[in-house]
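Breakdown of the fold
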Amino acid sequence: MRKLIKDFLTTLLYFVEEKGYPLPVAFKKTKDIKKVKGMNYDKLYEISRLLLLSYNSLKGKRSKKVDQFLQGNYEILLPLWAREELSNYLDVKPLENSFRIKNTWVRINTLKADVDKVLKSLENQGVNFEVDKDVYYLIKVKNEVQLKKTKEFMNFEVIIQDKASVLTVESLEVEKNDKIIDLSSAPGTKASQIMQLGENTVELFIADVDINRLKREVDLLKKMGVDMNKVHIIHQDSTSNSMLRSDKVLLDAPCSSSGMISNEPAIMVNLTREKVMYYSQLQRKMINEARKIIDADYIIYSVCSLFPEEGEEHFLNLKTEKPKIVGERPYIDNVNGIRLFPHINLTEGFFITKILLQ
């Protein structure tokens, strides 16, 4: 059995290292070619997850790394460069330890269901959850497998969405009949929440650089109960924007995704300083373009990153305001914004700020 598990994990590591696949994809591809008879695959998935989280503490070639891991000689560590940088702002060890825990947050979709009825139904179906103290339509679920068996999940009455992502949209302060631009919209979870908060009255412009992602987003929004007559679909690279006027803008920027390691541990394998700097430059272009072109009251900027290069450092000389949401102080004192952390807020790692345009 041990040899079968070692072969499985070594192959999985190949798919993550060489192909850059996220864990769910790498696991499925490995499972197709490497069978582990007599092994519970849910348990094997958790072992695979822990292997990727431990990647930076392991030495040698793939098979040697897996040997060390199976012998128990591992710890959860960010890459050395990341540990050194983040240690300037926070205690890194509790952050790393928190990666072991995967928090599942679930938004109740009031476009399709009543909050109280959903809570009662989920309880009757054996779903163990806690209602969030900050957002009334948000719950933290302790048994995701059970949730996915419910009719509410299958009917998009409940949607898995991290609390940090939910708070990003809450920062927009959506009102009925708002005109809102979502500059990097796919896969569409935040767009559907915008329409939920605006009770399907918002005139929403969704943009993305990938036409196939936009097509999938449209299909998803329909399933989520969004009134597509109110949604305008824009295929564009938002470093060169074509939309000129709105009330509010959401820029949930492409990033290193370092804030979502708990949910996608393959990030541990492929996280580099070069990747952070690449996305930092892309974000700066998107921010500058939106500020220059769009006539709006403000932009909510959010990024699922732990690094100031993708967050605070963009706003040293811009007029910003602290969003009206819960969270921690930014890394840099003279920058307005909110930081969210997995080890403090039980969310993905996010930076969120409000850029004032008026």
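Report follows, based on the coordinates. (Residues numbered from 1 in each chain as written. Predicted model: local features only at pLDDT ≥ 70, side-chain atom pairs only at ≥ 80, totals over all residues. Heavy atoms only, no water.)

Some points on the environment of Val 145
- Within the secondary structure layout, Val 145 lies in helix 8 (residues 144-147).
- Each C-alpha atom, one on Val 145 and one on Ile 293, is 45 Å from the other, the two residues being 148 residues apart in sequence. (Helix = DSSP H or I, 4+ residues; strand = E, 2+ residues; numbered from the N terminus.)

Some details on the pairing of strand 9 (residues 298-303)
- With 6 of 6 residues buried, strand 9 lies mostly within the body of the structure.
- Residues Tyr 298, Ile 300 and Ser 302 of strand 9 are buried on one face, and the alternating residues Ile 299, Tyr 301 and Val 303, pointing to the opposite face, are buried as well.
- Summarising the sheet, strand 8 (residues 248-252) and strand 9 pair through 5 bridges and their orientation is parallel. Bridge pairing in strand 9 links Lys 248 to Tyr 298. (Buried < 20%, exposed > 50% of the residue type's maximum accessible area, 1.4 Å probe, protein only. Pairing = 2+ DSSP bridges.)

Looking at the sheet that holds strand 4 (residues 158-160)
- Strand order in this open sheet of 4 strands is 2-3-1-4, and the pairing throughout is antiparallel. With partners counted over all chains shown, the strands left at the sheet margins are strand 2 (129-131) and strand 4, one partner each. Direction aside, neighbouring strands of the sheet carry axes that sit 30° apart on average.
- Two elements, strand 2 and strand 3 (residues 138-141), share 3 bridges in a ladder whose sense is antiparallel. (Axes fitted to C-alpha atoms, helices over the stretch in contact; angles between N-to-C directions.)

Focus: the packing of helix 2 (residues 23-33) against helix 3 (residues 41-53)
- It is at 11 Å that the axes of helix 2 and helix 3 come closest, and there the two elements cross at 125°. Our classification of the angle between helix 2 and helix 3 gives oblique. Once helix 2 is placed against helix 3, the crossing between them reads as right-handed. Of helix 3, the residues touching helix 2 (which contributes Leu 23, Pro 24, Phe 27 and Lys 31) are Tyr 41, Leu 44, Tyr 45, Ser 48, Arg 49 and Leu 52.
- Of the residues assigned to the contact of helix 2 with helix 3, the class counts are 7 nonpolar, 1 polar and 2 charged. (Parallel < 35°, antiparallel > 145°, perpendicular 65-115°, else oblique. Left-handed = near helix turned anticlockwise from the far one by under 90°. Contact = heavy atoms within 4.5 Å. Nonpolar A, V, L, I, M, F, W, Y, C, P; charged D, E, K, R; others polar.)

Digging into the side chain of Asn 200
- Relative to the helices and strands, Asn 200 is located in the loop between helix 11 (189-197) and strand 6 (203-208).
- For Asn 200, a relative accessible area of 19% puts it in the buried group.
- For Asn 200, the side chain forms a polar contact with the main-chain nitrogen of Asp 227, separated by 3.0 Å.
- Discounting chain neighbours no more than four positions away, the residues touching Asn 200 are Leu 111, Met 195, Gly 225, Val 226, Asp 227 and Lys 230. (Polar contact = N/O pair within 3.5 Å; in protein donor to acceptor, adjacent residues only side chain to side chain.)

Focus: the pattern of salt bridges
- This structure, assessed with the given rule, holds 29 salt bridges.
- Here Lys 6 makes a salt bridge to Asp 67, at a shortest N to O gap of 3.1 Å. In this pair, Lys 6 sits in helix 1 (residues 2-19) while Asp 67 sits in helix 4 (residues 62-70), placing the two residues 61 residues apart along the sequence.
- The class for Lys 6 is partly exposed, based on a relative accessible area of 24%.
- With a relative accessible area of 21%, Asp 67 lands in the partly exposed category.
- Linking Glu 144 and Lys 148 is a salt bridge whose minimum nitrogen-to-oxygen distance equals 2.9 Å.
- Ionic contacts of the salt-bridge type, sharing partners, join the residues Glu 75, Arg 83, Lys 93 and Glu 96 into one network. (Salt bridge = Lys/Arg side-chain N within 4 Å of Asp/Glu carboxyl O.)

What about helix 1?
- The end-to-end C-alpha separation of helix 1 is 25 Å, in line with the 26 Å expected for 18 residues at 1.5 Å each.
- Among the residues making up helix 1, those that are buried are Ile 5, Phe 8, Leu 9, Thr 10, Thr 11, Leu 12, Leu 13, Phe 15 and Val 16.
- For helix 1, the secondary structure elements touched by its buried residues are helix 2, helix 3, helix 4 and helix 13 (267-270).
- At the C-terminal side of helix 1, Gly 20 shows a positive phi close to 75°. (Expected span 1.5 Å × (residues − 1).)

Some details on the environment of Val 127
- As for its placement among the helices and strands, Val 127 is situated in the loop between helix 7 (115-124) and strand 2.
- In this structure, the C-alpha to C-alpha distance between Val 127 and Thr 150, residues 23 residues apart in sequence, is 8.7 Å.
- When near neighbours in sequence (up to four residues on either side) are disregarded, Val 127 contacts Leu 122, Val 141, Asn 143, Gln 146, Leu 147 and Thr 150.

A word on unusual backbone geometry
- Along the chain, Ala 186 connects to Pro 187 via a cis peptide bond; the corresponding omega equals 10°.
- One non-glycine residue, Phe 156, lies in the positive phi region at around 60°.
- For Phe 156, the position within the fold is in the loop between helix 9 (151-154) and strand 4.
- Positive phi values are uncommon outside glycine, yet Asn 177 reaches one of about 70°.
- Examined against the element boundaries, Asn 177 turns out to sit in the loop between helix 10 (163-170) and strand 5 (179-182).
- On the basis of relative accessibility, which here comes to 59%, the residue Asn 177 falls in the exposed class.

With respect to helix 14 (residues 273-293)
- For helix 14, which comprises 21 residues, the first-to-last C-alpha distance of 30 Å matches the rise-based estimate of 30 Å (1.5 Å per residue) to within 8%.
- When we look at burial in helix 14, the residues that qualify are Val 276, Ser 280, Gln 283, Met 286, Ile 287, Glu 289 and Ala 290.
- Buried residues in helix 14 make contact with helix 5 (80-86), strand 8, strand 9 and strand 12 (350-356).

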